Every structure is written in C-alpha cells, then in structure tokens.
Amino acid sequence: MSDAPRYRFAPSPTGFFHVGGARTALYNWALALRTGGTFVLRVEDTDESRNSPEWTQGIIDALSWLGIDSKSPRFEGPYFQSQNAELHVAAALRLFDAGNAYWCDLTPDQIQARAKETGKQGYDGYSRDRGLTGGPGQVLRFRVPAGKTIVTDLVRGDVEFANDTIEDFVLLRSNGSPMFLLANVVDDIEMKITNVVRAEEHLPNTPKQQMLWEALGHAAPIWAHVPVLVNEQRKKLSKRRDKVALEQYREEGILPDAMINYLMTLGWAPAGDTEIVPWSRIVDEFRLEDVNHSPAFFDIKKLASFNGDYIRAMTLEAFIEASAPVLAASQAWPSDRFNAQVFAQAAPLVQTRVVTLSEVPAMVDFLFLADPAIDEDAWTKTMSADFAREVLTDFATSVATSEWNHDSLKAILETWTEAHGLKLGKTQAPIRVAVTGRTVGPPLFESIEILGRDETIRRLNSGIARLG
RNA sequence: GGCCCCAUCGUCUAGUGGCCUAGGACACCACCCUCUCAAGGUGGCGGCACGGGUUCGAAUCCCGUUGGGGCUGCCA
C-alpha cells in the first residue's frame, strides 16, 4: 500500500470556509476514497495575519459538515505549516549550498526603480552573480535555470512555460522566514504527497514549484488544476463581493448533502440524465480527466433547487429532526409557545413547500402565535369581497359543531360555496387570512384541523370583529 | 503590458469525427392537477463565439481572430 496516492487539501485559515475551497476539498476526498489513498489536511498558517486557533477549528468543522471526517482512516492531519518553519529554512539553505539559490539585497523599491529604468517588469536577476553571503536585509532567491518547464496536468494536459518568463522568486524573506512557494513544496515532499489537486489560480505557480521539487531532488507530484468558481460577472468568487462562506449557507438551512452534490456538479457531471446523485456514486464515477476546463458560475438558485430536492427526499422523521434547530432558534414566536407535537402534525404540509430549512418557521408561525400576524395587503385584498363577512360568519357557526377533520371542514365550505354560486378558491381566501394572516401557506383545512376548533373559531370571530 | 488558461442554450453540463434536425438540469413561459402556495406531470423558449483549414463527413482535429478569466507580492 506504500504506493497508494496521497492527496492533500491545504487551506489558509481566513476565518470562514470558502465554497471554492469546499469543492477542492471534496474533489480530493472523493479521489482519496476511491483510490484507497489518503486525504491530508495541512493548514497553511505561515502568514501571521491569517493565523488564529479558532479558524482551524472552523476548517475542521466545515470539512466534517461536508462529510470529510477527520476521524476516518483515510484522513490525516491537521498539520500546520508554521510548525515546519525550520524544515523550510533548511531546505532553502540546501538550495543555496547547491547553487540553486542566491542572496539578494535589493528592496522592493529598488527593484521597482530598476524595472522602471530598464523598461522591463519585475526583478531582473541583478544579484545572481554578486556572491552575496546572506545577512540582515537580504532575501534568498531561487536561481531559475534556463530552458523550459513542462507541467503535466491531469485536467489541462501539458502546459509549457519558458523559464526566462519566470523571475528569480524569493524563497526566504529578509527576516529569514520562508515564503509560501517554498514552504508548500517542502511540506508536500515531507508529507509524501503524490497528487496535488487545487484551483486553477495556482497554475502560474506550478512551474516554480516543479523546479523546486526537482532542485530538492524529487520528482514532482501529479498536478491537477481545476477551474475556479465565478460570480455572475464571471470573476473569481471573492470574500468581499460574493456570498462565499460555507457557514452562511449552513445557517440558512442548506443541507450538507445538497451542497456536496451541487458543488460536485460544478465542472463535472455524473453519467446519465440526473445530477442529483448520492455521494457513493460520485466517489465511484468522479475522474479528474472528466473535469471541465472553464470556470463555473456558482448559482445559488440552482443550489436552492438541489436543496429542495433533498428536503423532499427526506423521510418525515428526518425532516422534523432537521427542522428542530431552526425552529428552536426562531424569533417568529415566543419560544414557550412552540409545541413539537403540533409541528410534527404540520411537517408533511411544509416539507414540499420549503426550499431551505430557514423557511420553515414562517410556514408554521400562525400555529404558535397567540394571534396570527395579519398581512395588511392580504387583508384588504381578500376582505373586500362582498361575501367575506358572510363566509366568515357562516363558517364559524358551522364548524362549531362539525366533525373535526379536514375533510368535513372542506365539505362544509364546499357546500356553502356551491350554494352561493362561487368557487372554493375564492371563498377560502377570507378564512385563510383570518386564521393564518396570509393568502398563501399550507393547505387550509389541514391547518385548521391542527389549529383546533376553539382557536379557529376565536380567530374567525376576531376577523369578523376587525371587519367592523 | 507580460505569462498562462478557457470558449456547447441566460446558467451548470452531456457530447471525445458519422448515433446530433446537439441530450439533461436550473431559471423562464404555457397547460394539466388543485382550497392558496408549493410539489408533481406535460409541453415550450433557448446554444456549438467568429473565420479559415483537415476530412467523404466536424460541436468534436489544426490555425487564426474575437471574447472572457487567472497570475504577475519579501500574501497564501
């Protein structure tokens, strides 16, 4: 098993979990599962400003929500890049000793000034042969060899870079700390990573990393650069502009299975005519070679549709259980008025009517409010019907002594409706508004049945009173 | 500017030279069902960026154009 592939996911902790990162993690996880390989989590925390212990827990929690279980035998880590700093520096020094790196005392300002002078871009290799020996204020730069670098990529094929278009990049900062490129490669070597699957934005870095692997005496891993996720403007999803936090979707009632399934269909599709497929099938079918080459728009509407499908596919028990937290957290009614048994009765009525769990409370609030919140527009619209008062009055009278189930309740109104030459769609409206406060909602007669006779009659009468 | 990547309905995709008068999904529209709203069912709208090749035959291969995107830091 020593040749089982080792995949890795290497996020930098930034305080929230990016949906793009989630997809990359899922790709790596699916691959590790199918190949009998390992998923290594490494937190790239070498930038002080991106380092906070709770961020790390956030990553673990987010992965776990996505079904990437840190206790699975397929999972390894988390490792922390910051803890390997000594290794990174040692590798850099080895590179210097071997002549693959050299010291440079140019400041960023000086580099810019030189570039302006020569009319060229970036650092020009000024210190290559100056024989500097290091010390305060000097950075260590990699000596990019002549020739070209060919990156063999599982999704993109061979990508060729002319080495003279790659400047001698910094390995060690002037304060002696290692840069990301170096740290990343040294860690990957150290952790025996065989497959690097990451977002396309890293592709331009790849020739540099490949040169590092080789200079350090190792064969480069198998690369795969998957397309980035973009917004409606076709720009890379960004924290500032876009809704990218996985946690936010979780809070809004997106189901993990829906998110997982949706994310996997961005840039890839399972065989057949349906995109809604269980994770087990994704694991069986997912291949990097089949991943699309172009950026994919993260479409919240389609995500919502997937979520609706997943909600409807749940058993009633599962739906009730999944709704419990949002119900408990809801501010829609005084918490002591909530009744789990009542909700359980209403649950089948709401399950087909919500797309996210967060919509559940608004669907049943009239059951838990002392008085339903009357929507004014709904009221004026429905109560302006000339039969409104009469239907309310007659219905209240009839149901006072009728059998208490939705079929009889419906039959009562149907009889009344026919006798008045009207349509049930019309006559139910005033009753619905008086009882629930709105023109839309779960089926009326079922709702009334659950609400109970006394409360229904009370609301009907208070509606009549409100009519004046 | 330089380097690199990409290009099938509005969006996500199927498609790897003939099965394509291009299939599915989301969105949208219509109809059916129906106590409202959903769900469900049926149907519709809508696409191979453009121009050259190669080939008996091109969405599929090649070149160019155009258009998008990414990277370009002593961030990761």
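Residues numbered from 1 in each chain as written. Chains lettered and ligands numbered in written order. Predicted model: local features only at pLDDT ≥ 70, side-chain atom pairs only at ≥ 80, totals over all residues. Heavy atoms only, no water.

## Some remarks on the pattern of salt bridges
Oppositely charged side chains can pair when the atoms bearing their charge come close. Enumeration over the complete set of coordinates arrives at 22 salt bridges. Of the charged contacts in the structure, one is a salt bridge between Arg42 and Asp188, with a shortest N-O distance of 2.8 Å. Of this pair, Arg42 sits in strand 2 (residues 38-43) while Asp188 is found in helix 5 (residues 180-190), placing the two residues 146 residues apart along the sequence. Pair check on accessibility: Arg42 and Asp188 agree, each one buried. In this structure, the salt-bridge partner of Lys302 is Glu275, at a minimum N-O distance of 2.9 Å. Of this pair, Lys302 sits in helix 10 (residues 300-313) while Glu275 sits in the loop between helix 8 (256-264) and helix 9 (279-285), placing them 27 residues apart in sequence. (Salt bridge = Lys/Arg side-chain N within 4 Å of Asp/Glu carboxyl O. Helix = DSSP H or I, 4+ residues; strand = E, 2+ residues; numbered from the N terminus. Buried < 20%, exposed > 50% of the residue type's maximum accessible area, 1.4 Å probe, protein only.)

## Thoughts on the packing of helix 16 (residues 406-419) against helix 18 (residues 444-451)
Two elements in contact, helix 16 and helix 18, have axes separated by 8 Å at closest approach and are oriented at 120°. Relative to helix 18, helix 16 is oriented oblique. The interaxial crossing formed by helix 16 with helix 18 has right-handed handedness. Residue-level contacts link His406, Leu409, Lys410 and Leu413 of helix 16 to Phe445, Glu446, Ile448 and Glu449 of helix 18. Of the residues contributing to the contact of helix 16 with helix 18, the split by class is 4 nonpolar, 1 polar and 3 charged. (Axes fitted to C-alpha atoms, helices over the stretch in contact; angles between N-to-C directions. Parallel < 35°, antiparallel > 145°, perpendicular 65-115°, else oblique. Left-handed = near helix turned anticlockwise from the far one by under 90°. Contact = heavy atoms within 4.5 Å. Nonpolar A, V, L, I, M, F, W, Y, C, P; charged D, E, K, R; others polar.)

## Overview of the pairing of strand 2
Burial analysis of strand 2 places 6 of its 6 residues in the buried class, the great majority of the element. Neither face of strand 2 is exposed, since Thr38, Val40 and Arg42 on one face and Phe39, Leu41 and Val43 on the opposite face are all buried. With helix 1 (residues 19-35) bridging strand 1 (residues 6-9) and its parallel neighbour strand 2, the resulting β-α-β unit is right-handed. In terms of strand pairing, strand 2 meets strand 3 (residues 75-80) through 4 bridges, oriented parallel. By the bridge assignment, Val40 is partnered in strand 3 with Glu76. (Right-handed = clockwise from strand over helix to strand, strands pointing away. Pairing = 2+ DSSP bridges.)

## Describing the packing of aromatic side chains
The final tally for this structure, using the stated rule, is 14 aromatic pairs. Relative to Phe298, the ring of Tyr249 has its centre 5.7 Å away and its plane inclined at 70°; by these criteria the two rings are edge-to-face. Here Phe298 lies in the loop between strand 12 (296-297) and helix 10 and Tyr249 lies in helix 7 (residues 246-251), a separation of 49 residues in the sequence. Across the pair, Phe298 and Tyr249 agree in class, each one buried. (Phe/Tyr/Trp six-rings, centres within 6.5 Å; stacked < 30°, edge-to-face > 60°.)

## A word on the sheet that holds strand 5 (residues 139-142)
One open sheet holds the 3 strands; their spatial order is 4-5-8, and the pairing between them is antiparallel. Of all strands in the sheet, those bounded by a partner on one side alone are strand 4 (101-104) and strand 8 (170-172). Geometrically, the sheet is characterised by an average inter-axis angle of 45° between neighbouring strands, direction not taken into account. Direction of pairing for strand 4 relative to strand 5: antiparallel, over a ladder of 4 bridges. What sits directly across from Trp103, in strand 5, is Leu140.

## Regarding helix 8
The buried fraction of helix 8 amounts to 7 of the 9 residues, a majority that puts the element mostly inside the structure. Residues of helix 8 that are buried include every one of Ala258, Met259, Ile260, Asn261, Tyr262, Leu263 and Met264, and no others. The elements touched by buried residues of helix 8 are helix 1, helix 2 (53-65), helix 7, helix 9, strand 12 and helix 10.

## Regarding the nonpolar core
In terms of nonpolar packing, the biggest core is built from 50 residues, with Leu66, Met259, Phe286 and Phe298 touching the most fellow members. Among the secondary structure elements, those contributing two or more residues to this core are strand 1, helix 1, strand 2, helix 2, strand 10 (222-226), helix 7, helix 8 and helix 10. If one sorts the elements of this core by residue count, helix 1 sits on top with 9 residues. Non-local contacts of Leu66, meaning those with residues more than four positions away in its chain, are made with Phe17, Ala22, Leu26, Leu246, Met259 and Ile260. (Core = buried A, V, L, I, M, F, W, Y, C linked by side-chain atoms within 4.5 Å.)

## A word on the confidence of the model for chain A
Residues at a pLDDT of 70 or more form 98% of chain A, whose mean pLDDT is 95. Taken together, the chains of this predicted complex give a pTM of 0.94 and an interface ipTM of 0.96. (pLDDT = per-residue confidence, 0-100.)

## What about the environment of Arg8?
In this fold, Arg8 is placed in strand 1. Sequence separation between Arg8 and Phe39 is 31 residues, and the spatial gap between their C-alpha atoms is 5.3 Å. Ignoring anything within four residues of it in the chain, the contact list for Arg8 reads Asn28, Val40, Arg42, Asn184, Asp188, Ile193, Asn195, Val196, Val197 and Arg198. Among the polar contacts listed, one links the side chain of Arg8 to the side chain of Asn184, at a separation of 3.1 Å. In this structure the side chain of Arg8 is engaged in a polar contact, spanning 2.8 Å, whose partner is the side chain of Asp188. (Polar contact = N/O pair within 3.5 Å; in protein donor to acceptor, adjacent residues only side chain to side chain.)

## Some points on the side chain of Asn163
Within the secondary structure layout, Asn163 lies in the loop between strand 7 (157-162) and strand 8. Relative accessible area serves as the criterion here: at 3%, Asn163 is assigned to the buried category. A polar side-chain atom of Asn163 sits 3.0 Å from the main-chain carbonyl oxygen of Pro145. Dropping the residues within four chain positions of it, Asn163 is found in contact with Val144, Pro145, Ala146, Gly147, Lys148, Thr149 and Met211.

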